[in-house]
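# Notes for the structure review
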Amino acid sequence: MAMIGPEAPAGGPAAAAAPSPQVQDLFGLDQPTATRLLGAAVERSEEPPATIWRYKTANCELDLFFYLDMRSGRMRTLHYAFRGDTADAARQQNCLRDLAARHS
């Protein structure tokens, strides 16, 4: 049993970091989780009641709109917007994958 403990943490984060986040996963993210997935935003702005975090690659941008969740007291994404070469779902997923890979 002593071997399972050290192996689980080492395998856990690597396994969790391997799959790219999915576009549908963007809804409901809190700010610490967004930072874990995508790193620090390159721009942050306030447009009350929202806080907007912007992420960029050479080909696309992603804006995450955080609003206060009254139940949990945490800021969570209720909206997102892709910009640039993201005309369809596949391109949005590619943008998100690139943003996550840039952070890894």
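Each remark here, short or long, concerns the structure printed above.
First things first, this report covers the structure right here in the doc. (Residues numbered from 1 in each chain as written. Predicted model: local features only at pLDDT ≥ 70, side-chain atom pairs only at ≥ 80, totals over all residues. Heavy atoms only, no water.)

### Brief notes about the sheet that holds strand E4 (residues 74-84)
The four strands are arranged E1-E2-E3-E4 in an open sheet whose pairing can be described as antiparallel. Among the strands making up the open sheet, the edge pair consists of strand E1 (43-47) and E4. The mean angle between the axes of side-by-side strands here comes to 25°, regardless of whether they run parallel or antiparallel. With ten bridges connecting them, strand E3 (residues 60-69) and E4 associate as antiparallel partners. From the neighbouring strand, Tyr67 faces E4, where its bridge partner is Arg76. Sheet strands in contact with helix H2 (residues 31-38) are strand E2 (50-56), E3 and E4, and its direction is about 5° off that of E2. (Pairing = 2+ DSSP bridges. Helix = DSSP H or I, 4+ residues; strand = E, 2+ residues; numbered from the N terminus. Axes fitted to C-alpha atoms, helices over the stretch in contact; angles between N-to-C directions. Contact = heavy atoms within 4.5 Å.)

### Looking at the pairing of E2
Regular strands place their side chains on alternate faces of the sheet. Across the seven residues that make up E2, a large majority, six, are buried. Both E1 and E2 contribute to a ladder of five bridges, which runs antiparallel. Bridged to Glu43 within E2 is Arg54. Linking E1 to E2, which pair antiparallel, is a turn of two residues. Relative to E3, E2 is paired through six bridges, and the arrangement is antiparallel. The partner of Arg54 across the bridge, within E3, is Asp63. (Buried < 20%, exposed > 50% of the residue type's maximum accessible area, 1.4 Å probe, protein only.)

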